[in-house]
Amino acid sequence: MIHRMVSSAVVRRTEQWFVRQGAPTMIEGYGFRSHVLPRMLPALTFVAVGSFAWLVLQQSSGLSRGVLLGVIVAVMVAAWVLLSVFVRRLPEFSARTTVLVLVVYAAIPVITPLVQYVLEIRFRAPDGDPDPEPVWGALIWFVVVFGLAFVATMLATTYGLGSLLRAAIRHVIADLRNSVHLLGRALPPMLFVTLFLFFTGELWQAMNKLPWPRVSLVVLLFAAITVLAAAARLRDEIGRVEQDLRPEVLAVACKGTPLAHVEITEPLPPRKLNGRQNRNLLVMLAIRQLVQAAVIGLALFAFFVLLGLIVVTPEIAEQWIGEPAKLSWLGIPQAMLRNATLFAAFGSMYFSVTSMSDAEHRRQFFAPVLEKVERTLEVRAVYLDVRERAAA
């Protein structure tokens, strides 16, 4: 039982706390119109203003492109900030407002190329080459970009990806010494598999001719394998999370939250999670894992580049490749950078997958994150009880 009467303002501040923690789905009644779309509005406005900025850049002839671009960026950022303040004060959108926002957003990618056509502005693709179909090419390109932006923004907002990413980066910076320790543990067995492959002439020949877009696809393939392996493993981790809802445990969990002054005298019943909430917790765990894997990948990239600079002279590189090596703007052979990228991606995948079954890594990495998940569920139990009593 909770004996202290709590106002609806405290309930709302607790919901904002869930958003800052990257667990917005824990809000009761969480939905697209009531919570997701209002928080999407600043990002959608940013995309819409950017499309008109593109139009202005296409027809500008007086001001320099640099000055004009600076003004446009300032306007876009100002619109984002102002709308963010507005959204914080708006509890939810009405049905009419929701329809209006969606209709306006859907109309912009159609209106923009038509305005360009009326003004007889030849549409140019992002690479600067003229589009053979100025109107239809612009229309299709804008619709695709706006559609992708809407889906990406909706997913990021629904599961609090921005807050989770910021929290994961803060944890990685704080645990940098631990990450170096983990890298020291992972590097020797990985080098046993990859070190001699790094000095393979055939691989240097392939990397010298392989363009960076294809190298990026290989990196994305390794990242996809990491995500799939992490998702399977982390589902088991979420299943092990226990909800200890005794009063003393709940009091500790609520410290530092808007519910800190709520008196709890009896245990609360555990609350069942729906599919969206389970996915939110899965994303919370997966982002921390992937950010740490990215840090390890960057360290491995630096190691292989340093190793290549020490061992592989320009003469050796030319002998392996069979022709003078293509140099980057840093004067480093591109084959070396691509090789380092390839092995860094493979190494981070190898480490991420194998370390999830390592007991010591689980203790160092999963325990703090699981404690955060447990605290989120404990605060949610108090929040739901308070919310029900405030509504009564």
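Chemist: Explain the overall build of the protein to me, please; I cannot follow it from the model alone.
Modeler: Secondary structure summary: the protein contains 14 helices and zero strands in total. Element order for the protein, N to C, with α for helix and β for strand: α-α-α-α-α-α-α-α-α-α-α-α-α-α. Out of the 392 residues belonging to the protein, those deemed buried represent 42%. Looking at the protein alone, contacts between residues at least 24 apart form 84% of all its contacts between residues at least 6 apart. Accessible area of the protein: about 21100 Å², with a carbon and sulfur share of 66%.

Chemist: Would you mind showing me how to read the packing of helix 8 (residues 201-209) against helix 12 (residues 314-321) here?
Modeler: Running from N to C, helix 8 and helix 12 point in directions that differ by 85°, and their axes come no closer than 8 Å. In terms of their interaxial angle, helix 8 and helix 12 are classed as roughly perpendicular. Contact with helix 8, carried on its side by Gly 201, Trp 204, Gln 205 and Asn 208, involves Ala 317, Trp 320 and Ile 321 of helix 12 and no other residues of that element.

Chemist: Any chance you could explain the nonpolar core here in plain terms?
Modeler: Ranked by size, the top nonpolar core spans 50 residues in total, and within it Phe 18, Met 26, Leu 259, Leu 281, Val 382 and Tyr 383 carry the most contacts. Looking at this core, the elements with two or more residues in it are helix 1 (8-20), helix 2 (32-59), helix 4 (95-118), helix 5 (134-158), helix 6 (161-174), helix 10 (247-254), helix 11 (275-311) and helix 14 (359-391). Among the elements that take part in this core, helix 14 stands out by supplying 10 residues, more than any other. Residues within four places of Leu 281 in sequence aside, it is in contact with Met 26, Ile 238, Leu 273, Val 373 and Leu 377. Residues Leu 300, Ala 317, Met 336 and Ala 344 belong to the second largest nonpolar core, which totals 25 residues.

Chemist: Quick question: what am I supposed to make of the pattern of salt bridges here?
Modeler: As enumerated under the stated definition, the model contains three salt bridges in all. Ionic pairing is found between Arg 246 and Glu 248, a salt bridge with its closest N-O pair at 3.6 Å. The closest approach of N and O atoms between Glu 388 and Arg 271, which form a salt bridge, is 3.0 Å. Of this pair, Glu 388 sits in helix 14 while Arg 271 sits in the loop between helix 10 and helix 11, and the two are 117 residues apart along the sequence. The exposure class assigned to Glu 388 is partly exposed, which follows from its relative accessible area of 45%.

Chemist: What is the right way to read the packing of helix 11 against helix 13 (residues 334-355) from this model?
Modeler: Any two packed helices are characterised by the angle at which their axes cross and by the distance between the axes. Where helix 11 contacts helix 13, the two axes come as close as 7 Å, and the packing angle between them is 140°. Considering the angle they form, helix 11 stands oblique to helix 13. For the pair helix 11 and helix 13, the sense of crossing is right-handed. In contact with Gln 289, Ala 293, Ile 296, Gly 297, Leu 300, Phe 301, Phe 304, Val 305, Gly 308 and Leu 309 of helix 11, helix 13 contributes Met 336, Leu 337, Ala 340, Thr 341, Phe 343, Ala 344, Gly 347, Ser 348, Phe 351, Ser 352 and Ser 355. Here the residues of the contact of helix 11 with helix 13 sort into 13 nonpolar, eight polar and no charged.

Chemist: Please clarify how the packing of aromatic side chains should be interpreted in this entry.
Modeler: Within the structure shown, the criterion is met by 17 aromatic pairs. Ring centres of Trp 141 and Phe 142 lie 5.3 Å apart, and the angle between their planes is 85°; on these two criteria the pair is classed as edge-to-face. Where Phe 346 meets Tyr 350, the ring centres are 6.3 Å apart and the plane angle is 25°; that geometry is what we call stacked. Placement of the pair is Phe 346 and Tyr 350 together in helix 13, with a separation of four residues, close to one helical turn. A relative accessible area of 23% means that Phe 346 is categorised as partly exposed. Cluster of aromatic residues (ring-pair linked, three or more members): Phe 198, Phe 199, Trp 204, Phe 303, Phe 304, Trp 320 and Phe 343.

Chemist: Could you clarify how one ought to interpret a nonpolar patch on the surface in this entry?
Modeler: A cluster of nonpolar side chains, Phe 46, Val 73, Val 77, Trp 80 and Val 81, forms an exposed patch at the surface whose accessible area comes to about 400 Å². With four residues, helix 3 (residues 65-88) is the single largest residue contributor to the nonpolar patch. Within the element layout of this structure, Phe 46 appears in helix 2.

Chemist: How should I be thinking about the environment of Gly 147 in this particular structure?
Modeler: With respect to the element layout, Gly 147 can be found in helix 5. Accessibility expressed as a relative area gives 31% for Gly 147, which makes it partly exposed. Once the C-alpha coordinates of Gly 147 and Tyr 105 are considered, the two residues, 42 residues apart in sequence, prove to be 9.7 Å apart.

Chemist: Just to check I follow, could you spell out the confidence of the model for the protein for this structure?
Modeler: Do not read the fine detail of predicted coordinates wherever pLDDT is low. Averaged over every residue, the pLDDT of the protein is 78; the share at 70 or more is 78%. Mean pLDDT in the protein bottoms out at helix 7 (residues 176-198), which sits at 67, and peaks at helix 10, which reaches 89. Contacts for the low-pLDDT stretch residues 1-5, under 50 throughout, to residues beyond four places or in other chains number 17 contacts.

Chemist: For this particular structure, what's the right way to read helix 10?
Modeler: The α-helix advances 3.6 residues per turn, and as a result positions three or four apart in sequence lie on the same side. Listed as buried for helix 10 are Pro 247, Val 249, Leu 250, Ala 253 and Cys 254. What you see down the axis of helix 10 is that its buried residues fit within an arc of 160°, all on one side. At the exit of helix 10 stands Gly 256, carrying a positive phi of roughly 80°.

Chemist: Just checking my understanding: could you explain the side chain of Ser 34 for this structure?
Modeler: As for its position among the elements, Ser 34 is in helix 2. Polar contacts involving the side chain of Ser 34 include one to the main-chain carbonyl oxygen of Gly 29, which spans 3.4 Å. At a separation of 3.3 Å, a polar atom in the side chain of Ser 34 contacts the main-chain amide nitrogen of Gly 31.

Rules and cut-offs
- Residues numbered from 1 in each chain as written.
- Predicted model: local features only at pLDDT ≥ 70, side-chain atom pairs only at ≥ 80, totals over all residues.
- Heavy atoms only, no water.
- Helix = DSSP H or I, 4+ residues; strand = E, 2+ residues; numbered from the N terminus.
- Buried < 20%, exposed > 50% of the residue type's maximum accessible area, 1.4 Å probe, protein only.
- Contact = heavy atoms within 4.5 Å.
- Areas by Shrake-Rupley, 256 points an atom, 1.4 Å probe, with all protein chains shown as cover.
- Axes fitted to C-alpha atoms, helices over the stretch in contact; angles between N-to-C directions.
- Parallel < 35°, antiparallel > 145°, perpendicular 65-115°, else oblique.
- Core = buried A, V, L, I, M, F, W, Y, C linked by side-chain atoms within 4.5 Å.
- Salt bridge = Lys/Arg side-chain N within 4 Å of Asp/Glu carboxyl O.
- Left-handed = near helix turned anticlockwise from the far one by under 90°.
- Nonpolar A, V, L, I, M, F, W, Y, C, P; charged D, E, K, R; others polar.
- Phe/Tyr/Trp six-rings, centres within 6.5 Å; stacked < 30°, edge-to-face > 60°.
- Patch = residues over 30% accessible without salt bridge, like charges linked within 9 Å, V, L, I, M, F, W, Y side chains within 5 Å.
- pLDDT = per-residue confidence, 0-100.
- Arc of directions from axis to C-beta.
- Polar contact = N/O pair within 3.5 Å; in protein donor to acceptor, adjacent residues only side chain to side chain.

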